[in-house]
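# Tertiary structure, described
If you want the building blocks of each chain, they are given just below.
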Amino acid sequence: MYGLKNMLTILQLPVLNDNYIYLIHDHVSGETAAVDPAVAQPVLNVLEQKGWQLTTILNTHHHGDHVGGNLDLKQKTGCTIIAPLSDQNRIPGIDRGVIEGDVITLGKHTARVISTPGHTSGHVVYYFADDNTLFCGDTLFVMGCGRLFEGTAEQMWHSLQKLKALPVATIIYCAHEYTQTNGRFALTVEPGNRKLQQRMDVINQQRTNHQPTVPSTIEQEMATNPFFREDSLALQETIKMVNKKPVEVFAEIRRLKNSF
Ligand code: ZN
Ligand code: FE
């Protein structure tokens, strides 16, 4: 763990309809990373305003709303682009391809790369263990998970198991503000979940006030995210999947969400 003095500064930039770009700044080394820069200009604006130099881009996957700012930012700042190795032919400007278990650094802070296929085949997330912080792209959302564009339910379920196994206090920064819709769906599969009901009251208030509902924590997701709760008997009963394998329950929740 670090002292307060060594904490990372994390800024959340809402862009496009519902995307979040994260800027991570280490004031000791002066290094700054942008996670999934969908667009360049809002990032450049903040860098200028803060007097920060962009050193690194961290991409979680190849979708345009996560890599759209890559080339412009690289050209204007000379930053290094780190992205999944298996997406090296479809991520613009990639300098370093990473795989499961690789470690990336920001000053003295380190993040472990966790491979989370499902939303896309090459999706990775970045876990700063000593900072209790996870950047999870489109794998895990607040009360939701990414759609299965290039992977099977089985793959996504395995990916989510890895995230579920992280310390419960881990703060999760996802790439979209999908919470309110996710929560409405979650209530249809687990209407009696008190923590979910209470959380939705808070979230509805936050959205009315145009406040972000991200970040969340693994602990909050364990209590309210249906894609983390395939072992809930109440949920299984609601969707008529009692006594099925966890991965089958998960697949059914995902199927229901697709048509919600
Ligand atoms: Zn995506
Ligand atoms: Fe996305």
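Our subject in this report is the structure included herewith. (Residues numbered from 1 in each chain as written. Chains lettered and ligands numbered in written order. Predicted model: local features only at pLDDT ≥ 70, side-chain atom pairs only at ≥ 80, totals over all residues. Heavy atoms only, no water.)

On to the environment of lysine 257, then. Tracing the sequence through the fold places lysine 257 in helix H9 (residues 246-258). In this structure lysine 257 comes out as buried when scored by relative accessible area, which is 12%. Between the C-alpha atoms of lysine 257 and valine 189, which are 68 residues apart in sequence, the distance is 9.6 Å. Ignoring any residue separated from it by four or fewer positions in sequence, one finds lysine 257 in contact with Asn182, Phe185 and Phe227. (Helix = DSSP H or I, 4+ residues; strand = E, 2+ residues; numbered from the N terminus. Buried < 20%, exposed > 50% of the residue type's maximum accessible area, 1.4 Å probe, protein only. Contact = heavy atoms within 4.5 Å.)

Right, let's get into the coordination of the zinc ion (ligand 1). Within the protein, the atoms that donate to the zinc ion (ligand 1) are His61 (NE2), His63 (ND1), His119 (NE2) and Asp138 (OD), at distances of 2.2 to 2.3 Å. Taken together, the 4 donor atoms surrounding the zinc ion (ligand 1) define angles of 88 to 173° at the centre, an arrangement classified as irregular. All donors to the zinc ion (ligand 1) come from one chain, and their sequence spacing reads H-x1-H-x55-H-x18-D. Taken as a pair, the zinc ion (ligand 1) and the iron ion (ligand 2) lie 3.1 Å from each other and share aspartate 138 as a ligand. Within this pair, whereas histidine 63 is found in the loop between strand E4 (56-58) and helix H2 (64-67), its partner aspartate 138 is found in the loop between strand E10 (133-137) and strand E11 (140-141), the two being separated by 75 residues in sequence. The residues histidine 63 and aspartate 138 share a single accessibility class, namely buried. (Donors = N, O, S within 2.8 Å, 3.2 Å for Na, K, Ca; no water. Tetrahedral: all angles 85-135°; square planar, octahedral: opposite > 155°, others 65-115°.)

Tallying each qualifying case throughout the model produces 9 aromatic pairs. Between phenylalanine 135 and tyrosine 173 the ring centres are 5.2 Å apart and the planes differ by 20°, which places this aromatic pair in the stacked class. Taken as a pair, phenylalanine 135 in strand E10 and tyrosine 173 in strand E13 (residues 171-174) lie far apart in primary sequence, 38 residues in all. In this structure tyrosine 173 comes out as buried when scored by relative accessible area, which is 12%. The interplanar angle of 70° and the centroid separation of 4.9 Å between the aromatic rings of phenylalanine 141 and tyrosine 178 together place this pair among those described as edge-to-face. In this pair, phenylalanine 141 sits in strand E11 while tyrosine 178 sits in the loop between E13 and helix H5 (179-189), placing the two residues 37 residues apart along the sequence. Note on phenylalanine 141: relative accessible area 4%, which makes it buried. (Phe/Tyr/Trp six-rings, centres within 6.5 Å; stacked < 30°, edge-to-face > 60°.)

Turning next to the coordination of the iron ion (ligand 2). When a metal holds four donors in a tetrahedron, each ideal angle between them is 109.5 degrees; when it holds six in an octahedron, the ideal angles are 90 or 180 degrees. Protein-derived ligands of the iron ion (ligand 2) are Asp65 (OD), His66 (NE2), Asp138 (OD) and His176 (NE2), with the metal-ligand distances lying across 2.1 to 2.4 Å. Mapped onto the polypeptide sequence, the residues donating to the iron ion (ligand 2) form the spacing pattern D-H-x71-D-x37-H.

For soluble globular proteins, nonpolar side chains are generally found buried alongside one another. Counting 53 residues, the largest nonpolar core has Ile24, Ile104, Tyr126, Leu160 and Leu163 as its most contacted members. There are two domains that each give this core at least three residues, and those are domain 1 (4-174) and domain 2 (179-258). (Core = buried A, V, L, I, M, F, W, Y, C linked by side-chain atoms within 4.5 Å. Domains from an automatic or database assignment.)

One way to put it is that helix H4 (residues 153-164) packs onto H9 with a least axis distance of 9 Å and a crossing angle of 105°. With respect to each other, H4 and H9 are oriented roughly perpendicular. Only Pro246, Val247, Phe250 and Ala251 of H9 make contact with H4, whose side of the interface consists of Ala153, Glu154, Met156, Trp157 and Leu160. Its residues placed into classes, the contact of H4 with H9 shows 8 nonpolar, no polar and 1 charged. (Axes fitted to C-alpha atoms, helices over the stretch in contact; angles between N-to-C directions. Parallel < 35°, antiparallel > 145°, perpendicular 65-115°, else oblique. Nonpolar A, V, L, I, M, F, W, Y, C, P; charged D, E, K, R; others polar.)

Keep in mind these values describe shape, not function.
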